[in-house]
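# Analysis of the macromolecular model
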Amino acid sequence: MIKPKISIPIIFLFVLLYSACTTKVENKVKTNGREVIEFRVLPFEMADVKLLDGPFKDATELNVQSLLNYEPDKFLAKFRIEAGLEPKAEHYGGWEERSIAGHSLGHYITATSLMYQTTGDQEFLNRVNYIVDELAECQEADGEGYIGAFKDGKKILEEEVGKGDIRSEGFDLNGLWVPFYTQHKIYDGLIHAYELCDNPKALEIATGFADWLYTVLDDLSEDQMQEILKCEHGGMNDALAELYAVTGDEKYMELSRKFHHKEILEPLTDQIDILPGKHANTQIPKLVGTARRYELTGDLDDRAASEFFWDRVVNHHSYVTGGHCEGEHFGAPDSLRDRLSDRTSETCNVYNMLKLSRHLFMWDAKPEVADFYERALFNHILSSQHPEDGRVIYNLSLEMGGAKSYQNPLGFTCCVGSGMENHSKYCKNIYYHNNIELFVSQYIASELSWQDKGVVLTQNTKYPEEQGTTLSLKCEEPVEFALQVRYPYWAKEGIDIKVNGKQIKVKEEPGSFVAVEREWNDGDVVEVQFPFSMRLESMPDDENRIALMYGPLVMAGDLGPENDPNVADPLYVPVLLAENRNPATWTEPVSNEANTFETKDIARPRNIVFKPFYKTHERRYSVYFDIFSNEKWEETEAKYIAEQEAIKKMEEMTVDFFQLGEMQPERDHNFESEGSRSGTINQRKYRSSARGGGGWFAFEMEVDKEEMVDLVFEYSGTMFGSSAFDIYVNDELLTSETLENGNSAFVYKTYDLPADLNLTSGKIQVKIVAKEGSSAGPIYSVRTVRKEQLEI
């Protein structure tokens, strides 16, 4: 039999037809704005989503009271002073007393704009409009478009920075504390007031402010701009790109590109992880900005940098809570075991990572982005608010045996500011859509009005105390679309979906979306169930340091009251002795307490009750535990206990700890210097005087007023050459020190303070002065410790 000869064109046609029949075509949608790319999905307007009873509505209501307790005139006082106007109230304190003044007002405008959309409460609209009117008066009084709250800010930026006299480092630009970081918050607030509160005057102020900025920076070279960008500048590239999106004026996109920090963004574009040792939250807003610019320009380098950064942070630098950083800095990738303290996981960082995640989800609707969003939202953001008074947390402690530390709401740290926003916008990222699909990204009790389709979807759920959700639809008339239901990565026991009681066959795996495609009618009900199960998640660099997870929830082991007298016990954080790694076999539910479990005779020296981290408040806890087989514990018990005793003793004796070389700790300790520099060795930050000789640096340390203390310096043998320096305390010479080259081990050295040292102020000043022709340091950390408690 002779087989027919098939020509190449016929084969090619067959391949095309087969591909068309088998390849799933993703739906894309374009906006009506200046975005040039197609999106996989778009979010709904905030006012189209209403929160229903549940933990997120509770958190919102607490934040309503927090926001209403603030007085706008106190936020505005320094703006009026700098504009030459009489303030209407005394300005706030905390960080608002310093040259970062004004950042809180920016957050407050954004938060009240968001809360107006979330609640519809007219009081929030009134406050936004009042603040905008006041800023307009300040701008008019200035006459050139500038608005600001830090003293002499305009003069320094115009007459020094704008003329090329640039003195820039991590948190400091010509003596101002992160001025462009603060300006970003103001721009962001004004744009939110325009977009969410329909206030055209807010846009006029923002463009006038940006026009002033353009004149200041226009004559600077690229190298000079890059020098400026060494100082933290927030998301200036993001705010200015958004200003372009709103106005269409190319000048603002040009300004956005001026704030393109090459030292960070170019390696990330080239897929190089340069994050170790970097101040974490300084970087994230830059990538939110590149993400926004990609949407407006189509620049694939901007997209590449944003996606690579997200992957590295989420998959290589983050804890189980979705938070990251220790002491505000990134460490080595996949190296987290020994980075657990009361300084872990800054809340601002998570706030910004969720902003970045929103952009990425809109591009491709990837389920892993929605899964991360859930992890961080439940286990960090919801965990960071006190459930009774609404206070928020700066660093969400993951210290083993630690406790949560809530901020003074009048301290106005960066995380007080981002906290205002975090709990004002929960309805913003629950649902997404294109023309023919509706994505249920998060399981939060809420009601959605999809106005284009004439559909109201109500999500009734007590999640995460309920292991599922019910979606009820009201339709003006039958309508076809695909309901995309998130199948969480953690749902290893499957997902069950019923439409009007009829089972839907699910072929997808966990970590996906399940499309339920049909013509929907009024009264249709979709029931979704996904059983929670216990599992362990290990540290990437130690499989035996684990966290316990239950469905989406990080579980915290409850160890006792915050003032527990047993905290010094070396096994205050029990160890787990288990022959298998299936926690379902060695835990049991606690009756009448949702999502609460107790270990069964595998914890030493006592059993542990686990409950959701977001419900753990005013207690000592541990998220991470060490797990051993019985045989391994017998081998290592003595050594492990000795190590824990040393750690506990150090914690007990320490009055104050100062990590040099890190920006926020240096601010907190009133750091000053002349001719010094910071650097990183073995993933640790340090401070030294400049090479070549000379220079000094000084800082304040807390002391115990009633008990004498010693100073403990941490050095390393890794040196660039010998160094010789004097150590002064309260302007009196304490000792002279000489360091030589050596190995890379970190060592502590204790210095006795004089018995007649005046401690009544609760602080001492320490000054390090390099000897002539030599350098000082490097010094990694300094502690004040109570005497005779530990030999180091």
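## Examining the overall build of the protein
- Of regular secondary structure, the protein possesses 19 helices and 36 strands.
- Computed over C-alpha atoms, the radius of gyration of the protein comes to 28 Å, within 12% of the 28 Å expected from 2.2 N^0.38 for 792 residues, which places it in the range of a compact globule.
- For the protein, the C-alpha atoms occupy an extent of roughly 95 × 75 × 70 Å along the three principal directions.
- A buried classification covers 59% of the 792 residues belonging to the protein.
- For the protein, the share of sequence-separated contacts (at least 6 apart) that also reach a separation of at least 24 residues comes to 72%.
- Accessible surface, the protein: about 32400 Å² in total, of which carbon and sulfur atoms supply 46%.
- The average position of the 82 basic charges and that of the 133 acidic charges among the side chains of the protein differ by 4 Å.

## Digging into the packing of aromatic side chains
- For the structure on display, the rule yields 48 aromatic pairs.
- Aromatic rings pair up to connect Phe 56, Phe 378, Tyr 426, Tyr 443, Tyr 463, Trp 490, Phe 530, Phe 532, Tyr 550 and Phe 597 into one cluster.
- The cationic tip of Arg 518 hangs over the ring face of Trp 520; the distance from NZ or CZ to the ring centre is 5.1 Å.

## Points about the sheet that holds strand β3 (residues 168–169)
- Read across the sheet, three strands follow the order β3-β4-β5 without closing on themselves; strand pairing throughout is antiparallel. Strands with a single pairing partner mark the edges of an open sheet, and in this sheet they are β3 and β5 (176–177).

## With respect to the pattern of salt bridges
- All told, the structure shown has 45 salt bridges when counted by the stated rule.
- We note a salt bridge from Arg 486 to Glu 374, for which the minimum N-O separation is 2.8 Å. Taken together, the residues span a long stretch of sequence, with Arg 486 in strand β11 (residues 479–487) and Glu 374 in helix α16 (residues 367–381) at a distance of 112 residues.
- Judged by relative accessible area, which is 1%, Glu 374 ranks as buried.
- Through salt bridges that share partners, Glu 35, Glu 242, Arg 292 and Glu 295 make up one connected network.

## Concerning the packing of helix α5 (residues 122–142) against helix α7 (residues 179–197)
- Packing of α5 against α7 brings their axes to within 11 Å, and their N-to-C directions diverge by 135 degrees. Classified by the angle between their axes, α5 and α7 sit oblique to one another. Judged by the sense of rotation from one axis to the other, the crossing of α5 with α7 is left-handed. Each of Leu 125, Val 128, Val 132 and Leu 135 in α5 lies in contact with α7, whose residues at this interface are Leu 190, Ala 193 and Cys 197.
- For the contact of α5 with α7, a count of residues per class yields seven nonpolar, no polar and no charged.

## Some words on unusual backbone geometry
- The amide bond that connects Tyr 463 to the next residue, Pro 464, takes the cis arrangement and shows omega of 10 degrees.
- Structurally, Pro 464 can be placed in the loop between β9 (455–460) and β10 (468–475).
- Residue Gly 777 is joined to Pro 778 through a cis peptide bond whose omega torsion reads 10 degrees.
- Even without being glycine, Val 178 reaches a positive phi, approximately 35 degrees.
- Summarising the element assignment, Val 178 is placed in the loop between β5 and α7.
- In this structure Val 178 comes out as buried when scored by relative accessible area, which is 1%.
- Positioned with a positive phi, Asp 198 is a non-glycine residue whose angle comes to about 55 degrees.
- Mapped onto the elements, Asp 198 comes out in the loop between α7 and α8 (200–217).
- A relative accessible area of 65% means that Asp 198 is categorised as exposed.

## Quick look at helix α15 (residues 347–364)
- If you check α15, its first and last C-alpha atoms are 26 Å apart, about what 18 residues at 1.5 Å a residue would give, namely 26 Å.
- Within α15, 18 of the 18 residues are buried, which leaves it mostly tucked inside the rest of the structure.
- Where α15 terminates, the next one or two residues include Ala 365, which has phi positive at roughly 50 degrees.

## Let's talk about the environment of His 324
- Structurally, the position occupied by His 324 is in the loop between α14 (300–316) and α15.
- Separated by 25 residues in sequence, His 324 and Asn 349 have C-alpha atoms that sit 7.4 Å apart.
- Here the side chain of His 324 touches Asn 349 through a polar contact of 3.2 Å, side chain to side chain.

## Remarks on the packing of helix α2 (residues 55–69) against α5
- Where α2 meets α5, the axes come as close as 12 Å, and the angle between the chain directions of the two elements is 35 degrees. Between α2 and α5 lies a crossing whose hand is left-handed. Residues Val 64, Leu 67 and Leu 68 of α2 form the contact with α5, whose own contacting residues are Glu 123, Phe 124 and Arg 127.
- For the contact of α2 with α5, the class distribution of residues is four nonpolar, no polar and two charged.

## Some remarks on the sheet that holds strand β1 (residues 42–43)
- Spatial ordering of the open sheet is given by β1-β6-β7-β11-β14, a layout of five strands whose pairing is mixed. The sheet is open, and its two edges are formed by β1 and β14 (512–520), each paired on a single side.
- Strand direction decides the pairing type here: β11 and β14, joined by nine bridges, are antiparallel. Along β14, the bridge assignment pairs Val 479 with Trp 520.

## Here we look at the confidence of the model for the protein
- Summarising the model, the protein shows a mean pLDDT of 92, and 94% of its residues fall at 70 or more.
- For residues 1–23, every residue scores under 50 in pLDDT, and the model assigns this stretch one contact once sequence neighbours within four places are set aside.

## Remarks on the environment of Gly 322
- Take Gly 322: it is sitting in the loop between α14 and α15.
- Spatially, the C-alpha atom of Gly 322 lies 9.2 Å from that of Met 353, the residues being 31 residues apart in sequence.
- Once residues within four sequence positions are removed from consideration, Gly 322 is found in contact with Val 350, Phe 372, Arg 375 and Ala 376.

## Overview of the side chain of Thr 347
- By secondary structure assignment, the location of Thr 347 is in helix α15.
- Exposure remark for Thr 347: the relative accessible area of 1% places this residue in the buried category.
- Those residues within four positions of Thr 347 in sequence are excluded, and the remaining contacts are His 380, Ile 381, Ser 384, Ile 393, Tyr 394, Cys 415 and Asn 422.

## Digging into a negative patch on the surface
- Taken together, the side chains of Glu 266, Asp 270, Asp 299 and Asp 301 present a region of like negative charge at the surface.
- With respect to the secondary-structure elements, Asp 299 resides in the loop between α13 (280–297) and α14.
- Asp 299 sits in the partly exposed class, given a relative accessible area of 31%.

Rules and cut-offs
Residues numbered from 1 in each chain as written. Predicted model: local features only at pLDDT ≥ 70, side-chain atom pairs only at ≥ 80, totals over all residues. Heavy atoms only, no water. Helix = DSSP H or I, 4+ residues; strand = E, 2+ residues; numbered from the N terminus. Rg over C-alpha atoms; globule rule 2.2 N^0.38 Å. Buried < 20%, exposed > 50% of the residue type's maximum accessible area, 1.4 Å probe, protein only. Contact = heavy atoms within 4.5 Å. Areas by Shrake-Rupley, 256 points an atom, 1.4 Å probe, with all protein chains shown as cover. Lys, Arg positive; Asp, Glu negative; His and termini not counted. Charge placed at Lys NZ, Arg CZ, Asp CG, Glu CD. Phe/Tyr/Trp six-rings, centres within 6.5 Å; stacked < 30°, edge-to-face > 60°. Lys NZ or Arg CZ within 6 Å of the ring centre and 35° of its normal. Pairing = 2+ DSSP bridges. Salt bridge = Lys/Arg side-chain N within 4 Å of Asp/Glu carboxyl O. Axes fitted to C-alpha atoms, helices over the stretch in contact; angles between N-to-C directions. Parallel < 35°, antiparallel > 145°, perpendicular 65-115°, else oblique. Left-handed = near helix turned anticlockwise from the far one by under 90°. Nonpolar A, V, L, I, M, F, W, Y, C, P; charged D, E, K, R; others polar. Expected span 1.5 Å × (residues − 1). Polar contact = N/O pair within 3.5 Å; in protein donor to acceptor, adjacent residues only side chain to side chain. pLDDT = per-residue confidence, 0-100. Patch = residues over 30% accessible without salt bridge, like charges linked within 9 Å, V, L, I, M, F, W, Y side chains within 5 Å.

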